[in-house]
Amino acid sequence: MTFGGLGSVPYKNNLRRLTLVIGAVLTFFGLLLLAVVAYAGWSANRTAIERERQLVENALDQAVSRVLNEEKAIAWWDDAVVNAQRRPLDLEWIETNIGVYFYETYGHDEMYLVDGDNRSIYANIGGELQRHPAVAYSRRANVLDQVVMAARGQRNDALRLRDAAFTADQQRYSFLLGAEDASWSGHILTVGGQPAVVSAMAIVPSVDAEVLVGEPHLMVSVVQMDEDFMAAVGRTLLMPDLRLSSGPMQVDGMISEPFLADDGTPIGYLNWTPRQPGNFLLFFILPLVAIGVIGAGWLTWTMIGRLKRASTDLAEREEQSRHQALHDALSGLPNRHHFVTRLQDQLDALIQQRNNGRVVVAYIDVDRFKDINDTMGHQAGDALIMAVAQRLQSSIAPEDFLSRFGGDEFAVVCRANRPEAAEELAQRLRKAFEESFDVYGQHIRMTASIGLSMAPDHGASPEELMRNADIALYQGKNKGRDCAMMFSADMAAEVEQRREIELELHAALEGKALQLHYQPLVSCAGGRVTGVEALLRWKHPTKGDISPAVFVPIAEEAGLMPALGAFVLERAFEEAKLWPDLDVAINLSPVQFRHVDLPELLTELKDRYAIDPRRIVLEITEGVLMETSDRNRQILDSVRGMGFKVALDDFGTGYSSLRYLCDFRFDKIKIDRAFVTGIHERKRAMTIIQSVVTLGRGLGMEIVAEGVETEAEASVMRLVGVTELQGYFFSPAVPAAAVADLVASLTATTAPQRETKATLADLRLQRRS
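Residues numbered from 1 in each chain as written. Predicted model: local features only at pLDDT ≥ 70, side-chain atom pairs only at ≥ 80, totals over all residues. Heavy atoms only, no water.

Visitor: When you look at the sheet that holds strand β12 (residues 409-416) in this model, what are you seeing that I'm missing?
Guide: Strand pairing in a sheet relies on backbone hydrogen bonds, with the paired strands running either antiparallel or parallel. Pairing in this open sheet of five strands is mixed, and the strands run β11-β12-β10-β15-β16 from one edge to the other. Either end of the sheet is taken by a strand with one partner, and the two such strands are β11 (401-406) and β16 (484-486). Across the sheet, the axes of successive neighbouring strands diverge by a mean angle of 20°, strand direction being ignored. Across the sheet, helix α14 (residues 421-431) touches β10 (358-366), β12, β15 (448-455) and β16, and the angle it forms with β15 is around 160°. (Pairing = 2+ DSSP bridges. Helix = DSSP H or I, 4+ residues; strand = E, 2+ residues; numbered from the N terminus. Axes fitted to C-alpha atoms, helices over the stretch in contact; angles between N-to-C directions. Contact = heavy atoms within 4.5 Å.)

Visitor: Can you walk me through the pattern of salt bridges in this structure?
Guide: Pairs can form between side chains of opposite charge whenever their charged atoms are close. Counted under the stated rule, the structure contains 39 salt bridges. Across the pair Asp667 and Arg640 runs a salt bridge whose closest N-O atoms are separated by 3.0 Å. You can see Asp667 sitting in the loop between α22 (657-663) and β23 (668-671) and its partner Arg640 sitting in helix α21 (residues 630-641), a full 27 residues away along the chain. Residue Glu709 pairs with Arg673 through a salt bridge whose shortest N-O separation is 2.6 Å. Taken as a pair, Glu709 in the loop between β24 (702-705) and α25 (711-719) and Arg673 in helix α23 (residues 673-676) lie far apart in primary sequence, 36 residues in all. (Salt bridge = Lys/Arg side-chain N within 4 Å of Asp/Glu carboxyl O.)

Visitor: It is not clear to me how empty space enclosed by the protein should be interpreted in this structure. Could you clarify?
Guide: Which parts of space are left empty comes out when a probe the size of a water molecule is rolled across the atoms. Tallied over the full model, the rule gives two cavities of 30 Å³ or more. Approximately 50 Å³ is the volume found for the largest cavity. Around the largest cavity sit Leu521, Gly531, Val532, Asp583, Val584, Ala585, Val617, Glu619, Ala647, Lys668, Lys670 and Val704, which together line it. Taken together, the elements giving at least two residues each to the lining of the largest cavity come down to β18 (529-540), β20 (583-588), β21 (616-620) and β23. (1 Å grid on protein atoms, 1.4 Å probe; cavity = no way out; pocket = protein on both sides within 12 Å on 5 of 7 lines; lining within 4 Å. Points joined across faces, edges and corners; volume = space filled by probe spheres on them.)

Visitor: Would you mind going over the sheet that holds strand β1 (residues 110-114) with me for this structure?
Guide: A sheet is described by the order of its strands in space; here six strands give the open sequence β3-β2-β1-β6-β5-β4, paired in antiparallel fashion. Each edge of the open sheet is held by one strand with a lone partner, namely β3 (128-129) and β4 (184-191). As paired strands, strand β2 (residues 120-125) and β3 are joined by two bridges and run antiparallel to one another. Paired with Ile125 across the two strands is Glu128, which belongs to β3. Relative to the sheet, helix α5 (residues 141-151) contacts β1, β4, β5 (194-202) and β6 (218-224), its axis offset from that of β4 by approximately 170°.

Visitor: Looking at this structure, how should I read the nonpolar core?
Guide: Side chains that are nonpolar tend, in soluble globular proteins, to be buried together. The biggest cluster of nonpolar side chains holds 83 residues, and the ones touching the most others in it are Tyr518, Leu569 and Phe573. If you tally residues by element for this core, the top one is helix α18 (residues 561-576), at eight residues. Leaving out residues up to four positions away in the same chain, Phe573 has contacts with Ile586, Leu602, Leu605, Lys606, Tyr609, Ile611, Ile616 and Phe644. One finds Val67, Ala123, Val143 and Leu237 within the second-largest nonpolar core, a separate group that totals 67 residues. (Core = buried A, V, L, I, M, F, W, Y, C linked by side-chain atoms within 4.5 Å. Buried < 20%, exposed > 50% of the residue type's maximum accessible area, 1.4 Å probe, protein only.)

Visitor: Looking at this model, I keep getting lost on the side chain of Arg162. Mind explaining?
Guide: Here Arg162 shows up in the loop between α5 and α6 (164-170). Taking relative accessible area as the criterion, Arg162 reaches 1% and is therefore assigned buried. Only 3.3 Å separates the side chain of Arg162 from the side chain of Glu57, close enough to count as a polar contact. Apart from the residues within four sequence positions on either side, Arg162 is in contact with Glu57, Leu60, Asp61, Val64, Ser65, Gly186, His187, Ile188, Phe259 and Asp262. (Polar contact = N/O pair within 3.5 Å; in protein donor to acceptor, adjacent residues only side chain to side chain.)

Visitor: Just checking my understanding: could you explain helix α24 (residues 683-698) for this structure?
Guide: A turn of α-helix holds 3.6 residues, and therefore any two residues three or four places apart point the same way. In this model α24 runs 22 Å from its N-terminal to its C-terminal C-alpha over 16 residues, within 8% of the 22 Å that 1.5 Å per residue would give. Restricting attention to buried positions, one finds in α24 the residues Ala685, Met686, Ile689, Val692, Val693 and Gly696. For α24, the buried positions fall inside an angular range of 125° around the axis, keeping them on one side. α24 presents Lys683, Arg684, Thr694 and Gly698 as exposed residues on the side facing more than 90 degrees away from its buried surface. Considering only its buried residues, α24 is in contact with β22 (645-651), β23, α23, β24 and α25. Following α24 by one or two positions, Gly700 has its phi on the positive side, about 80°. (Expected span 1.5 Å × (residues − 1). Arc of directions from axis to C-beta.)

Visitor: What am I meant to see in the packing of helix α16 (residues 489-510) against helix α17 (residues 548-558) here?
Guide: Two quantities define a packed helix pair, namely the angle between the helix axes and the distance between the axes. At their nearest, the axes of α16 and α17 sit 10 Å apart, and the two run at 80° to each other. Comparing the axis directions of α16 and α17 gives the class roughly perpendicular. Contact with α16, carried on its side by Arg498, Ile501, Glu502 and Leu505, involves Val550, Phe551, Ile554, Ala555, Glu557 and Ala558 of α17 and no other residues of that element. Of the residues belonging to the contact of α16 with α17, the class tally is seven nonpolar, no polar and three charged. (Parallel < 35°, antiparallel > 145°, perpendicular 65-115°, else oblique. Nonpolar A, V, L, I, M, F, W, Y, C, P; charged D, E, K, R; others polar.)

Visitor: Just checking my understanding: could you explain the pairing of β18 for this structure?
Guide: Looking along a regular strand, one sees the side chains alternate between the two faces of the sheet. Burial of β18 is extensive: 10 of the 12 residues sit out of reach of the surface. In this sheet, β18 lies alongside strand β17 (residues 515-523) in antiparallel orientation, the contact comprising eight bridges. If you follow Leu521 over to β18, its bridge partner there is Gly531. Between β17 and β18, which pair antiparallel and follow one another directly, the connecting turn spans five residues, one of which, Gly526, has a positive phi of 105°. Pairing of β18 with β20 involves four bridges; the strand directions are parallel. In the strand pairing of β20, Ala534 is matched with Ile586. Two strands pair when backbone bridges link them, and β18 and strand β19 (residues 544-546) are joined in this way by three bridges, in the antiparallel orientation. Within β19, the position partnered with His540 by the bridge is Gly544. Between β18 and β19, which follow one another and run antiparallel, lie three residues.

In structure tokens form, the structure reads like this:
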């Protein structure tokens, strides 16, 4: 209890700190999110205002350009030059074409003519002719002189440039004389306390340059920026409420921006109602975000509250998860990861002690465990695994470490001070399987194969030791199971040799370096060769002939059997065309039968090589039929339906041979050579073969005897009614090129002799019986 209480206090303190951190982080990021949304809305509105302000400024520049364009219509005219220079001044012409014209046509509030010495010689204010133009001009001189001097080419850098657009437009009229020689200036200034557009333009000829004498006169115009003027500017910008006032306007939604004259003098405020795209963020998105932040905060605090209430349960689950990560779910034993960690700890301790100690690793594999799953079901298999785990745990020493790797594989690591400890461990482990296991009321006798390796003799790392123990286990399996093997260098060499053969078999298969040899089948009725069996052969360029008993198991382990079987089928179909009168028997492996779409492959080969399927005999072993499944039945029925013959090979060596004869239809039965060898000396074997022949003939099947090596064996097989014989007594398997000669030789010379000898032998046997 004390230990548990002390353990819970740090946990609660950590949880409290975690709560505070989560709360602080949530608050910070919530406020940050709100600030970002608010700033985005404000920034969008500010950007819109600045853009609209710039649009207003551009529109005012365009207004100045418009006033200059209006002046250009009169100022760039030969008649205006002549009448402006005439002395005395023709007031009627000037008044009509300048004063009244600009006032009534364009609404210019004040018009002045300034001679070459910058003296006012004409003035019209509000549409009325001024009798004393110099006096009228002098009232505005402080403002008008700035524009006049700028038009004379003496621009004041302090004045804002307003006529850039007009200047750019005049480049298109360079062919006009006035456009080349004229000068102008336009600005927004304060005139009489009111903002106004003030412009000055030189009066120059447009056609005849000779009419101009001396410095050109200037036409000076003043256009008040009154309410109508600003309304016109606002209409061009789709800003109907654009105003210019002396002070800011206090109207909801309207903004007031200070406005300066071109010389920097404050002249009032620009007022308009701006577009505010950020209001959607400020008045719609921002409240939703705020609600979301509050909701997230509430949800977080609720979850933290539940987390606090479940703190004890969480600690227990954490411990349980840690245990599950290191242990097998079914047996409760440590798993592979835990085993590797413990083995590494043992090796580290061995290095630190620097004595003559050893670390032993033992691999245990339950023999034929798959048969239990297949016959009794997976639940029975699980029960057996748990029973094996308990038995092994009770067999090892307390300091030893037992682990389950999955399936039917277990491993043990133990410390040993003597080399004999490995053998003692193996004996204890084997002893655990001496008594049968009780599984669902059935007493099952099981054995195990054990592979052992030892550090530092067989490796210094977990990977090396486990790999070498696995190699030793593999060797034990090859030697018949139910044994314990200690790893040796020879085993590693053998594994390497198998790996080398596997790689070379890959290359041989891809390079089509494998060959088929054919062994004849001789009819008992007359000694005629009725067919041949295709047998795979591999002649290695350096190792010589490699037996199928060596490379076929390697091919099965390496997953090469589907490709190898397809190669045999194709080569056999191709070479079968050489002997149109012979049947060709081809072996099918269980792996090939399961993994290849056999009917489609056979159909494709039959069509490609134009082979009569009745000449092809497909031989299968009982391993193919271990499961009497609908799929197996469908495949065999499909193959026979296509015309191929099917033979049951190695009959009598399995567990349920008679059942197969009932469940499946075969054209031939091949009696295994184990029954044929020495048959003339074994009456019991004779009785079995007679029964098989009688059964097979009754089911309409032909009977083939394999492994016939002596004349006596051949005679007995004929006597009991076997249909065909095959074996070294007639011929070993020969290459395809030698089959024709072999058939001719057996037919011409051997068959009559064998038939005569067989008759005599039959008579002797009948007399003895």
